[in-house]
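Listed below are the residues making up each chain.
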Amino acid sequence: MLQAGNLVEVVDLKKWFRIRRGIGKSRVKYVRAVDGVTFNVRRGETLGLVGESGSGKTTVGRTVIRLYNPTEGRIFFEGRDISGLDEKELKPMRRKMQMIFQDPYASLNPRMTVSDIIAEPLEVHRLASPAERKDRIHELLKIVGLNPEHANRYPHEFSGGQRQRIGIARALAAEPSFIIADEPISALDVSIQAQVVNLLEELQEKLQLTYLFIAHDLAMVKHISNRVAVMYLGKIVEIAPSSELYQHPLHPYTLALLSAVPIADPEAEAARRRIILAGDIPSPIDPPAGCRFHTRCAKAMPQCRKHPPELKDAGSGHLVACHLYG
Ligand code: SF4
(Lines give C-alpha, C1' and ligand atoms only; values in the text may rest on other atoms or scores of the structure.)
Protein backbone atom coordinates (compact mmCIF):
# COMPACT_ATOMS: atom_id res chain seq x y z
CA MET A 1 0.00 0.00 0.00
CA LEU A 2 2.75 2.45 1.01
CA GLN A 3 4.10 4.47 -1.91
CA ALA A 4 7.87 4.90 -2.02
CA GLY A 5 8.93 7.94 -0.03
CA ASN A 6 5.84 8.09 2.18
CA LEU A 7 6.20 7.67 5.93
CA VAL A 8 2.50 8.16 6.63
CA GLU A 9 -0.55 7.52 4.46
CA VAL A 10 -4.05 8.41 5.55
CA VAL A 11 -6.95 7.06 3.50
CA ASP A 12 -10.53 8.38 3.81
CA LEU A 13 -10.13 8.97 7.54
CA LYS A 14 -13.21 9.84 9.57
CA LYS A 15 -13.49 10.73 13.24
CA TRP A 16 -16.99 11.36 14.53
CA PHE A 17 -17.77 12.08 18.18
CA ARG A 18 -21.09 10.83 19.54
CA ILE A 19 -23.11 13.36 21.52
CA ARG A 20 -26.54 13.19 23.11
CA ARG A 21 -28.98 16.05 22.95
CA GLY A 22 -32.14 15.69 25.03
CA ILE A 23 -33.79 12.29 25.64
CA GLY A 24 -34.29 9.23 23.40
CA LYS A 25 -32.38 7.48 20.64
CA SER A 26 -33.22 10.08 18.01
CA ARG A 27 -31.38 12.62 20.11
CA VAL A 28 -28.04 10.92 19.47
CA LYS A 29 -25.99 13.05 17.09
CA TYR A 30 -22.46 12.99 15.79
CA VAL A 31 -19.90 15.76 15.57
CA ARG A 32 -18.22 14.98 12.25
CA ALA A 33 -14.90 16.51 13.24
CA VAL A 34 -13.00 14.72 10.46
CA ASP A 35 -15.14 13.48 7.61
CA GLY A 36 -13.10 11.68 4.98
CA VAL A 37 -9.56 12.99 4.55
CA THR A 38 -6.84 11.43 2.41
CA PHE A 39 -3.23 12.59 2.40
CA ASN A 40 0.34 11.39 2.80
CA VAL A 41 3.43 12.67 4.57
CA ARG A 42 6.71 11.98 2.82
CA ARG A 43 9.80 10.94 4.74
CA GLY A 44 11.78 14.00 5.87
CA GLU A 45 9.19 16.59 4.82
CA THR A 46 7.03 18.98 6.77
CA LEU A 47 3.39 18.93 5.82
CA GLY A 48 1.58 22.01 7.13
CA LEU A 49 -2.08 21.42 8.07
CA VAL A 50 -4.04 24.66 8.27
CA GLY A 51 -7.60 25.60 9.08
CA GLU A 52 -9.60 27.86 11.37
CA SER A 53 -10.94 26.70 14.71
CA GLY A 54 -13.47 23.88 14.15
CA SER A 55 -11.90 22.69 10.88
CA GLY A 56 -10.86 19.34 12.42
CA LYS A 57 -7.10 19.77 12.01
CA THR A 58 -6.24 18.89 15.63
CA THR A 59 -8.55 15.85 15.48
CA VAL A 60 -6.70 14.68 12.35
CA GLY A 61 -3.39 14.91 14.25
CA ARG A 62 -4.70 13.09 17.30
CA THR A 63 -6.35 10.35 15.23
CA VAL A 64 -3.31 9.77 13.02
CA ILE A 65 -1.18 9.27 16.15
CA ARG A 66 -4.00 7.06 17.56
CA LEU A 67 -4.79 9.18 20.62
CA TYR A 68 -8.31 8.82 19.17
CA ASN A 69 -9.68 5.69 17.53
CA PRO A 70 -10.71 6.37 13.94
CA THR A 71 -14.42 6.02 13.11
CA GLU A 72 -13.57 4.90 9.56
CA GLY A 73 -10.62 4.90 7.21
CA ARG A 74 -7.06 3.69 7.38
CA ILE A 75 -3.77 5.03 8.70
CA PHE A 76 -0.52 3.54 7.44
CA PHE A 77 2.76 4.21 9.25
CA GLU A 78 5.96 2.85 7.73
CA GLY A 79 3.72 0.69 5.54
CA ARG A 80 1.79 -0.88 8.40
CA ASP A 81 -1.93 -0.34 8.87
CA ILE A 82 -2.16 1.00 12.43
CA SER A 83 -5.83 2.00 12.35
CA GLY A 84 -7.06 -1.08 14.20
CA LEU A 85 -4.10 -1.84 16.51
CA ASP A 86 -4.78 -2.26 20.23
CA GLU A 87 -2.80 -0.50 22.97
CA LYS A 88 -0.22 -3.30 23.29
CA GLU A 89 0.40 -3.42 19.55
CA LEU A 90 0.56 0.37 19.44
CA LYS A 91 3.27 0.74 22.09
CA PRO A 92 6.30 0.36 19.76
CA MET A 93 4.54 2.61 17.22
CA ARG A 94 3.91 5.28 19.84
CA ARG A 95 7.64 5.64 20.41
CA LYS A 96 8.15 6.53 16.77
CA MET A 97 5.24 9.00 16.62
CA GLN A 98 5.39 11.82 19.11
CA MET A 99 3.35 14.96 19.66
CA ILE A 100 4.30 18.51 20.61
CA PHE A 101 1.36 20.39 22.10
CA GLN A 102 0.12 23.94 21.76
CA ASP A 103 0.24 24.95 25.40
CA PRO A 104 3.63 23.96 26.77
CA TYR A 105 2.59 24.79 30.33
CA ALA A 106 -0.58 22.67 30.36
CA SER A 107 1.22 19.74 28.72
CA LEU A 108 3.98 19.56 31.37
CA ASN A 109 3.24 18.18 34.83
CA PRO A 110 3.93 21.12 37.19
CA ARG A 111 4.88 18.75 40.02
CA MET A 112 7.62 17.02 38.05
CA THR A 113 11.11 18.37 37.48
CA VAL A 114 12.33 18.78 33.92
CA SER A 115 14.60 15.82 34.49
CA ASP A 116 11.67 13.59 35.51
CA ILE A 117 9.54 14.82 32.59
CA ILE A 118 12.21 13.86 30.05
CA ALA A 119 13.05 10.62 31.89
CA GLU A 120 9.47 9.34 31.51
CA PRO A 121 9.68 8.30 27.81
CA LEU A 122 13.19 6.93 28.41
CA GLU A 123 11.77 4.64 31.10
CA VAL A 124 8.53 3.70 29.33
CA HIS A 125 10.35 2.69 26.15
CA ARG A 126 13.47 1.39 27.96
CA LEU A 127 15.77 3.63 25.95
CA ALA A 128 18.40 4.27 28.62
CA SER A 129 19.54 2.35 31.69
CA PRO A 130 19.31 4.19 35.04
CA ALA A 131 23.06 4.85 34.77
CA GLU A 132 22.78 6.34 31.29
CA ARG A 133 19.65 8.36 31.97
CA LYS A 134 21.20 11.49 33.46
CA ASP A 135 23.64 11.90 30.57
CA ARG A 136 20.88 11.38 28.01
CA ILE A 137 18.64 13.98 29.72
CA HIS A 138 21.51 16.48 29.71
CA GLU A 139 22.21 15.72 26.07
CA LEU A 140 18.54 16.29 25.14
CA LEU A 141 18.44 19.59 27.03
CA LYS A 142 21.53 20.74 25.13
CA ILE A 143 20.01 19.68 21.80
CA VAL A 144 16.98 21.92 22.39
CA GLY A 145 19.12 24.84 23.59
CA LEU A 146 18.51 24.58 27.35
CA ASN A 147 21.07 24.58 30.13
CA PRO A 148 21.53 21.02 31.51
CA GLU A 149 22.19 22.56 34.93
CA HIS A 150 18.50 23.48 35.05
CA ALA A 151 17.36 19.85 34.85
CA ASN A 152 16.15 19.85 38.46
CA ARG A 153 13.94 22.91 38.07
CA TYR A 154 10.16 22.85 37.65
CA PRO A 155 8.23 23.98 34.54
CA HIS A 156 6.97 27.22 36.19
CA GLU A 157 10.59 28.40 36.53
CA PHE A 158 10.89 28.65 32.72
CA SER A 159 9.55 31.09 30.13
CA GLY A 160 6.91 30.01 27.56
CA GLY A 161 9.54 29.46 24.85
CA GLN A 162 11.74 27.45 27.23
CA ARG A 163 8.77 25.32 28.27
CA GLN A 164 8.07 24.54 24.63
CA ARG A 165 11.73 23.47 24.32
CA ILE A 166 11.18 21.10 27.28
CA GLY A 167 8.15 19.66 25.45
CA ILE A 168 10.32 19.16 22.36
CA ALA A 169 13.06 17.46 24.44
CA ARG A 170 10.44 15.12 25.92
CA ALA A 171 9.20 14.22 22.43
CA LEU A 172 12.78 13.64 21.19
CA ALA A 173 13.59 11.39 24.16
CA ALA A 174 11.49 8.65 22.54
CA GLU A 175 13.69 8.85 19.39
CA PRO A 176 10.73 9.36 17.04
CA SER A 177 10.77 9.53 13.26
CA PHE A 178 7.44 11.37 13.00
CA ILE A 179 6.35 14.39 15.06
CA ILE A 180 2.93 15.98 15.06
CA ALA A 181 3.35 19.57 16.19
CA ASP A 182 -0.10 20.83 17.17
CA GLU A 183 0.02 24.63 17.01
CA PRO A 184 3.42 24.57 18.77
CA ILE A 185 4.01 28.31 18.45
CA SER A 186 0.48 29.78 18.73
CA ALA A 187 0.73 30.38 22.49
CA LEU A 188 4.18 32.01 22.27
CA ASP A 189 5.21 35.66 21.86
CA VAL A 190 5.86 36.59 18.24
CA SER A 191 9.53 37.24 19.09
CA ILE A 192 9.90 33.66 20.36
CA GLN A 193 7.93 31.95 17.58
CA ALA A 194 10.74 32.23 15.00
CA GLN A 195 13.24 30.73 17.48
CA VAL A 196 11.08 27.65 18.05
CA VAL A 197 10.46 27.24 14.28
CA ASN A 198 14.23 27.52 13.66
CA LEU A 199 14.89 24.91 16.34
CA LEU A 200 12.36 22.52 14.78
CA GLU A 201 14.00 23.00 11.38
CA GLU A 202 17.50 22.36 12.78
CA LEU A 203 16.29 19.22 14.56
CA GLN A 204 14.58 17.98 11.42
CA GLU A 205 17.82 18.12 9.49
CA LYS A 206 19.98 16.72 12.28
CA LEU A 207 17.67 13.86 13.27
CA GLN A 208 15.93 13.25 9.92
CA LEU A 209 12.50 13.93 11.33
CA THR A 210 9.19 14.12 9.49
CA TYR A 211 6.64 16.69 10.69
CA LEU A 212 2.92 17.26 10.48
CA PHE A 213 2.77 20.92 11.53
CA ILE A 214 -0.72 22.07 12.52
CA ALA A 215 -1.56 25.78 12.57
CA HIS A 216 -4.58 28.06 12.34
CA ASP A 217 -3.14 30.48 9.84
CA LEU A 218 -1.11 30.19 6.69
CA ALA A 219 1.54 32.70 7.82
CA MET A 220 2.67 30.31 10.58
CA VAL A 221 3.36 27.36 8.29
CA LYS A 222 4.76 29.32 5.35
CA HIS A 223 8.46 28.95 6.11
CA ILE A 224 8.58 25.53 7.69
CA SER A 225 6.35 23.53 5.32
CA ASN A 226 7.35 21.73 2.12
CA ARG A 227 3.67 21.22 1.33
CA VAL A 228 0.53 22.64 2.86
CA ALA A 229 -2.94 21.09 3.25
CA VAL A 230 -5.91 23.38 3.96
CA MET A 231 -8.86 22.03 5.96
CA TYR A 232 -12.42 23.30 6.16
CA LEU A 233 -15.17 21.69 8.23
CA GLY A 234 -13.68 18.20 8.40
CA LYS A 235 -12.42 18.04 4.80
CA ILE A 236 -9.16 18.86 3.04
CA VAL A 237 -9.97 21.44 0.35
CA GLU A 238 -6.51 22.02 -1.12
CA ILE A 239 -3.00 20.50 -0.94
CA ALA A 240 0.01 21.87 -2.79
CA PRO A 241 3.75 22.43 -2.51
CA SER A 242 4.22 25.42 -0.23
CA SER A 243 5.50 27.95 -2.80
CA GLU A 244 2.81 26.88 -5.30
CA LEU A 245 0.04 27.32 -2.71
CA TYR A 246 1.21 30.80 -1.69
CA GLN A 247 1.78 32.00 -5.28
CA HIS A 248 -1.16 30.30 -7.02
CA PRO A 249 -3.87 29.45 -4.50
CA LEU A 250 -6.96 27.97 -6.17
CA HIS A 251 -9.66 27.26 -3.58
CA PRO A 252 -11.80 30.29 -2.59
CA TYR A 253 -11.26 29.42 1.10
CA THR A 254 -7.47 29.35 0.69
CA LEU A 255 -7.68 32.71 -1.12
CA ALA A 256 -9.57 34.16 1.85
CA LEU A 257 -7.06 32.77 4.36
CA LEU A 258 -4.13 34.09 2.32
CA SER A 259 -5.68 37.53 1.98
CA ALA A 260 -5.31 37.86 5.76
CA VAL A 261 -1.54 37.26 5.68
CA PRO A 262 0.50 40.50 5.81
CA ILE A 263 3.05 40.96 2.99
CA ALA A 264 6.62 42.13 3.73
CA ASP A 265 6.81 44.36 0.59
CA PRO A 266 5.18 47.73 1.56
CA GLU A 267 3.72 48.34 -1.95
CA ALA A 268 2.17 44.88 -2.19
CA GLU A 269 0.93 45.25 1.40
CA ALA A 270 -0.77 48.56 0.55
CA ALA A 271 -2.50 46.87 -2.41
CA ARG A 272 -3.56 43.80 -0.37
CA ARG A 273 -7.36 43.41 -0.27
CA ARG A 274 -8.65 41.27 2.54
CA ILE A 275 -11.45 38.83 1.69
CA ILE A 276 -13.80 38.80 4.68
CA LEU A 277 -15.79 35.57 4.86
CA ALA A 278 -19.47 35.99 5.68
CA GLY A 279 -20.71 34.27 8.84
CA ASP A 280 -19.07 31.65 11.02
CA ILE A 281 -17.91 28.16 10.16
CA PRO A 282 -21.10 25.97 10.18
CA SER A 283 -21.65 23.28 12.81
CA PRO A 284 -19.87 19.97 12.17
CA ILE A 285 -22.97 18.24 13.62
CA ASP A 286 -25.02 19.17 10.57
CA PRO A 287 -22.61 20.30 7.85
CA PRO A 288 -23.99 21.88 4.65
CA ALA A 289 -24.79 19.51 1.76
CA GLY A 290 -22.69 19.66 -1.39
CA CYS A 291 -19.56 21.74 -0.98
CA ARG A 292 -19.28 22.51 2.72
CA PHE A 293 -17.92 25.95 1.94
CA HIS A 294 -20.90 27.01 -0.22
CA THR A 295 -22.60 28.95 2.60
CA ARG A 296 -19.62 31.34 2.71
CA CYS A 297 -18.29 31.20 -0.84
CA ALA A 298 -18.70 34.27 -3.08
CA LYS A 299 -18.25 32.05 -6.16
CA ALA A 300 -20.84 29.38 -5.25
CA MET A 301 -22.86 27.97 -8.15
CA PRO A 302 -26.12 25.92 -8.04
CA GLN A 303 -24.21 22.61 -8.31
CA CYS A 304 -22.13 23.54 -5.23
CA ARG A 305 -25.22 23.18 -3.03
CA LYS A 306 -25.84 19.59 -4.19
CA HIS A 307 -22.60 17.88 -5.14
CA PRO A 308 -19.56 17.61 -2.88
CA PRO A 309 -16.43 18.39 -4.96
CA GLU A 310 -13.66 15.76 -4.94
CA LEU A 311 -10.02 16.54 -4.26
CA LYS A 312 -8.51 16.43 -7.78
CA ASP A 313 -5.09 17.13 -9.27
CA ALA A 314 -5.08 20.52 -10.99
CA GLY A 315 -1.50 19.87 -12.18
CA SER A 316 1.99 19.43 -10.66
CA GLY A 317 0.73 17.82 -7.46
CA HIS A 318 -1.62 20.73 -6.71
CA LEU A 319 -4.87 19.15 -5.47
CA VAL A 320 -8.08 21.14 -5.02
CA ALA A 321 -11.69 20.26 -4.13
CA CYS A 322 -13.77 22.84 -5.97
CA HIS A 323 -16.22 22.72 -8.92
CA LEU A 324 -14.48 25.73 -10.46
CA TYR A 325 -11.64 23.37 -11.42
CA GLY A 326 -13.43 20.55 -13.23
FE1 SF4 B 1 -17.15 27.75 -3.85
FE2 SF4 B 1 -18.45 25.94 -5.27
FE3 SF4 B 1 -15.81 25.85 -5.18
FE4 SF4 B 1 -17.26 25.20 -3.07
S5 SF4 B 1 -17.20 24.12 -5.01
S6 SF4 B 1 -15.47 26.46 -3.07
S7 SF4 B 1 -18.96 26.62 -3.21
S8 SF4 B 1 -17.07 27.47 -6.05
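Quick caveat: nothing in here was measured; it's all calculated off a predicted structure. (Residues numbered from 1 in each chain as written. Predicted model: local features only at pLDDT ≥ 70, side-chain atom pairs only at ≥ 80, totals over all residues. Heavy atoms only, no water.)

All right, on to the packing of helix α3 (residues 114–124) against helix α4 (residues 130–143) then. Packing of α3 against α4 leaves a shortest axis separation of 10 Å and a crossing angle of 110 degrees. Between α3 and α4, the angle falls in the class roughly perpendicular. At the point where α3 passes α4, the crossing takes the right-handed sense. From α3, Val 114, Ser 115, Ile 118, Ala 119, Leu 122 and Glu 123 reach across to α4, where they touch Arg 133, Arg 136, Ile 137, Leu 140 and Leu 141. (Axes fitted to C-alpha atoms, helices over the stretch in contact; angles between N-to-C directions. Helix = DSSP H or I, 4+ residues; strand = E, 2+ residues; numbered from the N terminus. Parallel < 35°, antiparallel > 145°, perpendicular 65-115°, else oblique. Left-handed = near helix turned anticlockwise from the far one by under 90°. Contact = heavy atoms within 4.5 Å.)

A few words now on the pairing of strand β9 (residues 227–232). Taken across its six residues, β9 has six buried, putting it largely inside the fold. Here β9 shows two buried faces, one formed by Arg 227, Ala 229 and Met 231 and the other by Val 228, Val 230 and Tyr 232. Inspection of the sheet shows strand β3 (residues 46–50) paired to β9 by four bridges, in the parallel sense. Paired with Gly 48 across the bridge in β9 is Val 228. (Buried < 20%, exposed > 50% of the residue type's maximum accessible area, 1.4 Å probe, protein only. Pairing = 2+ DSSP bridges.)

Here the focus is the site of the ligand. Lining the immediate environment of the ligand, one finds 13 residues, of which Cys 291, Cys 297, Cys 304, Cys 322 and His 323 sit closest. Here the shell around the ligand is built from residues that sort into nine nonpolar, three polar and one charged. (Near = heavy atom within 4 Å. Nonpolar A, V, L, I, M, F, W, Y, C, P; charged D, E, K, R; others polar.)

The next subject is the environment of Gly 326. Mapped onto the fold, Gly 326 is located in the segment after β12 (319–320). Here Gly 326 falls in the exposed class, since its relative accessible area comes to 70%. Spatially, the C-alpha atoms of Gly 326 and Thr 113 are 56 Å apart, while their sequence positions differ by 213 residues.

This paragraph deals with the pairing of strand β1 (residues 6–20). Residues in a regular strand project their side chains so that they alternate between the two faces of the sheet. Bridging between β1 and strand β2 (residues 28–42) involves 12 bridges; their strand directions are antiparallel. Residue pairing across strands places Arg 18 opposite Tyr 30, the latter belonging to β2.

On inspection of all chains with the given rule, the structure shows 12 salt bridges. Across the pair Arg 227 and Glu 45 runs a salt bridge whose closest N-O atoms are separated by 2.7 Å. Taken as a pair, Arg 227 in strand β9 and Glu 45 in the loop between β2 and β3 lie far apart in primary sequence, 182 residues in all. According to the relative accessible area criterion, Arg 227 is buried, its value standing at 10%. Residue Arg 74 is joined to Asp 81 by a salt bridge in which the shortest nitrogen-to-oxygen separation is 3.0 Å. With relative accessibility at 43%, the residue Arg 74 sits in the partly exposed group. Classification of Asp 81 as partly exposed rests on a relative accessible area of 25%. Through salt bridges that share partners, Arg 32, Asp 35 and Arg 292 make up one connected network. (Salt bridge = Lys/Arg side-chain N within 4 Å of Asp/Glu carboxyl O.)

Time to look at the confidence of the model for the protein. Looking at the protein as a whole, the pLDDT averages 92, with 98% of positions reaching at least 70. Averaged over each element, pLDDT in the protein is lowest for helix α10 (residues 266–271) (83) and highest for β12 (98). (pLDDT = per-residue confidence, 0-100.)

Attention now moves to the sheet that holds strand β8 (residues 210–215). The eight strands are arranged β6-β7-β8-β3-β9-β10-β12-β11 in an open sheet whose pairing can be described as mixed. Taken across any chain shown, the strands that pair with only one partner, and hence form the sheet edges, are β6 (97–100) and β11 (312–313). Of the strand pairs in this sheet, β6 and strand β7 (residues 178–182) are connected by four bridges, and their pairing is parallel. Looking at β7, one finds that Ile 100 is bridged to Ala 181. Each of β6 and β7 is contacted by helix α5 (residues 160–173), which is oriented at about 175 degrees to β6, the strand it contacts most. In the packing of helix α9 (residues 252–259) onto the sheet, contacts are made with β3, β9 and β10 (235–241), and the angle to β9 comes to roughly 105 degrees.

Moving on: the packing of aromatic side chains. Throughout the structure, instances matching the rule amount to six aromatic pairs. For the ring pair Phe 17 and Tyr 68, a centre distance of 5.3 Å and an interplane angle of 85 degrees mean the geometry is edge-to-face. Of this pair, Phe 17 sits in strand β1 while Tyr 68 sits in the loop between α1 (57–64) and β4 (72–77), placing them 51 residues apart in sequence. Judged by its relative accessible area of 28%, Phe 17 falls in the partly exposed class. Judged by its relative accessible area of 26%, Tyr 68 is partly exposed. (Phe/Tyr/Trp six-rings, centres within 6.5 Å; stacked < 30°, edge-to-face > 60°.)

Ile 168 and Leu 218 are the most contacted members of the largest nonpolar core, which has 55 residues in total. No other element matches α5, which puts six residues into this core. Setting aside residues up to four positions removed in sequence, Leu 218 forms contacts with Val 50, Val 228, Leu 245, Tyr 246, Thr 254, Leu 257, Leu 258 and Val 261. Val 8, Val 10, Phe 77 and Ile 82 belong to the second-largest nonpolar core, a separate cluster that totals 29 residues. (Core = buried A, V, L, I, M, F, W, Y, C linked by side-chain atoms within 4.5 Å.)

Pairing is antiparallel across the open sheet formed by four strands, whose spatial order is β2-β1-β4-β5. Sheet topology places β2 and β5 (80–81) at the edges, where each strand pairs with a single neighbour. Of the pairings in the sheet, the one linking β1 to β4 comprises five bridges and is antiparallel in character. Its bridge partner lying in β4, Val 10 is registered against Ile 75. α1 rests against β1, β2 and β4 of the sheet, and its axis sits at about 115 degrees to β1.

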